[in-house]
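Survey of secondary and tertiary structure
If you want the building blocks of each chain, they are given just below.
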Amino acid sequence: MASELRAAVTPGAVIFGRSRALRPTGKVLPEHARTHNRALVLQTLYSAGAQSRADVARETGLTRVTISDLVADLIAEGLVVELGQREDARPGKPATLIDVAREAFHIIGIDLSEHEVFRGAVVGLDGQIIDRDEVCRDGATGESAVLLVEALVERLLARTSTPVLGIGIGSPGVVDPHGVVRSAPNLGWSDVALQGRLAARFALPVHVANDANVAVLAEHGSSDHDDLLLVKVGHGVGAGLIIGGRPVVGGGFAAGEIGHVVVGTDGGPRCACGRDGCLEAWVAAPRLTAQLAELGGDGDTGAAASARDDILREAGRRLGIVLAPVVGALNLSEVVLSGPAQLLDGVFHEAAVDTLRKRTMTEFNRDLRLRMSEQAEDIVLRGAAVMVLSGQLGVT
């Protein structure tokens, strides 16, 4: 069952059902037709809920014979179930309803983007968080950090007796299509074959991608736009981009790596990469938190409050400077911020919006919206689950 999901999620307990599908990236070749048709059936059921075989045939445009054949295979594989007959006032034999076997599998989602902890969850096929766990990083890097990821996955697998469809991981840094983390400086990783290593260890399908690219999948379902930029602020700063309903990763798999763009020509704080004034040095959550902690006293009143606002305002302004040419070049109408609300909402947000508006052409960007994500801290976990649905069910 290897095809590629192009789907997004919506917020709330049931986050994957009725989501807006991302656009496919190529036409279907004859040898791929059956796989495509299977995915079409699964997507129809997954999005719309219980349907009869005739309903699915009408919705997909496939013949009833083809639908009957595909559904029989999907039932045999445990991916689709019959729910019984529909209550119907129409004459004739009532139709039998079918649906995705929503209780048949769980997914393990892992978020490696935070500074202090690695977070994970057992996720249902409808997106509900069934169980959670986390491990403290304690500054672990390199092989020690990989071992922590393995330990977290093992603990989560022990928390479910339901078959696991796969493991999805959102990692900071540059990640190639084979799940190799090419570079993640904050974790001390270089060419770490995370996907292959975990697949071998746990004998399960594993999908690994950049955390911001994962997060934007989760956000797309709650957006009204096919063009969306999500900026994730955590241990570092990265962006996930969807254009025309298609995720953009770049030729070197580093699209959205805005954290090490130098902002301005006036120097700035020293970055972990060794340069001065990178966006990450201005905006990353640990940097901002440390700066605010240095103020001491009551940060909500008097001089401390003013100094706090100055720090957050300048950080928001620097983000706006970096985003302005991207927004202008792509004519984006929506940018989403994901990260600690206590840092990014309020003064930071206002400064970023003001800078964006001042640095782009108002007549072409008057509808530009910069908003906080509605997904909160689970955004990467939810996006990671989308990846697994993608790779294993081929829902388009």
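Going by the structure above, here's the rest.
Attention here is on the structure that accompanies the text. Quantities reported herein were computed from a predicted structural model and do not represent experimental measurements. (Residues numbered from 1 in each chain as written. Predicted model: local features only at pLDDT ≥ 70, side-chain atom pairs only at ≥ 80, totals over all residues. Heavy atoms only, no water.)

Looking at the packing of helix 2 (residues 53–60) against helix 3 (residues 64–76)
What counts here: Interaxial angle, 0 to 180 degrees, is taken between N-to-C directions of lines fitted to C-alpha atoms, where a helix line uses only the stretch in contact. Numbered from the N terminus, helices here are DSSP runs of H or I no shorter than four residues, and strands are runs of E no shorter than two. What makes a crossing left-handed is the near helix being turned counterclockwise from the far one by less than a right angle; a clockwise turn instead makes it right-handed. Contacts were defined at the residue level, with two residues in contact if any of their heavy atoms lie within 4.5 Å. Each residue gets one of three labels, nonpolar for Ala, Val, Leu, Ile, Met, Phe, Trp, Tyr, Cys and Pro, charged for Asp, Glu, Lys and Arg, and polar for the others, Gly among them.
One way to put it is that helix 2 packs onto helix 3 with a least axis distance of 9 Å and a crossing angle of 115 degrees. The two elements helix 2 and helix 3 meet at a crossing, and its hand is right-handed. Seen from helix 2, the contacting residues are Arg 53, Ala 54, Val 56, Ala 57, Arg 58 and Thr 60; seen from helix 3, they are Arg 64, Ile 67, Val 71 and Ile 75. For the contact of helix 2 with helix 3, the per-class residue count stands at six nonpolar, one polar and three charged.

So, the pattern of salt bridges
This is how the line gets drawn: Think of a salt bridge as a Lys or Arg side-chain nitrogen and an Asp or Glu carboxyl oxygen that are within 4 Å of each other.
For the structure shown, the criterion picks out 30 salt bridges. Between Arg 34 and Asp 73 there is a salt bridge whose closest N-O contact spans 2.3 Å. Taken together, the positions of Arg 34 in helix 1 (residues 33–48) and Asp 73 in helix 3 put the pair 39 residues apart, joining distant regions of the chain. We note a salt bridge from Asp 131 to Arg 159, for which the minimum N-O separation is 3.1 Å. You can see Asp 131 sitting in strand 6 (residues 129–136) and its partner Arg 159 sitting in the loop between helix 4 (142–157) and strand 7 (164–171), a full 28 residues away along the chain.

Quick look at the sheet that holds strand 8 (residues 174–175)
Put simply, the rule reads: Strands pair, by our definition, only if DSSP identifies at least two bridges between them.
Pairing is antiparallel in the open sheet, where three strands are placed in the order 8-9-10. Where the open sheet ends on each side, the last strands, each with one partner, are strand 8 and strand 10 (189–193). Here strand 8 runs beside strand 9 (residues 180–184); their pairing, made up of two bridges, is antiparallel. If you follow Val 175 over to strand 9, its bridge partner there is Val 181.

Observations concerning the side chain of Glu 280
The criterion, for reference: Burial classes: relative accessible area under 20% of the type maximum marks a residue as buried, over 50% as exposed, and values in between as partly exposed (1.4 Å probe, protein chains only). Two residue types count as positive, namely Lys and Arg, and two as negative, namely Asp and Glu; His and chain ends fall outside the count.
With respect to the helices, strands and loops of the structure, Glu 280 is situated in helix 7 (residues 279–283). One buried charged residue, Glu 280, remains without a salt bridge, the closest side chain of opposite sign being Arg 287 at 6.1 Å. For Glu 280, the residues in contact, after removing those within four places along its chain, are Asn 186, His 235, Gly 236, Val 237, Gly 259, His 260 and Arg 287.

A few points about the sheet that holds strand 1 (residues 51–52)
In spatial order, the strands read 1-3-2; together these three strands make up an open sheet with antiparallel pairing. Each edge of the open sheet is held by one strand with a lone partner, namely strand 1 and strand 2 (80–85). Bridging between strand 2 and strand 3 (residues 96–100) involves five bridges; their strand directions are antiparallel. Across the sheet, Gly 84 pairs through a bridge with Leu 97, a residue of strand 3.

Description of the packing of helix 1 against helix 3
What counts here: Orientation labels follow simple angle bins: below 35 degrees gives roughly parallel, above 145 gives roughly antiparallel, 65 to 115 gives roughly perpendicular, and whatever is left gives oblique.
Here helix 1 crosses helix 3 at 80 degrees, and the two axes come no closer than 10 Å. Between helix 1 and helix 3, the angle is such that the two are roughly perpendicular. In this structure, helix 1 uses Arg 34, Asn 37, Arg 38, Val 41 and Leu 42 to contact helix 3, whose residues at the interface are Ile 67, Asp 69, Leu 70, Val 71, Asp 73 and Leu 74. Across the contact of helix 1 with helix 3, the residue classes break down as six nonpolar, one polar and four charged.

Some details on the state of the cysteines
Rules: By disulfide we mean two sulfur atoms from cysteines, separated by a distance within 2.5 Å.
Summed over the entire model, instances satisfying the criterion amount to zero disulfides. Note on Cys 273: no disulfide assigned, nearest cysteine sulfur contributed by Cys 278 at a separation of 3.6 Å.

Focus on the side chain of Thr 44
Following the sequence through the fold, Thr 44 ends up in helix 1. Once you skip the residues sitting within four places of it in the chain, Thr 44 turns out to touch Gly 49, Glu 59 and Thr 60.

The values are spatial; any link to function lies outside them.
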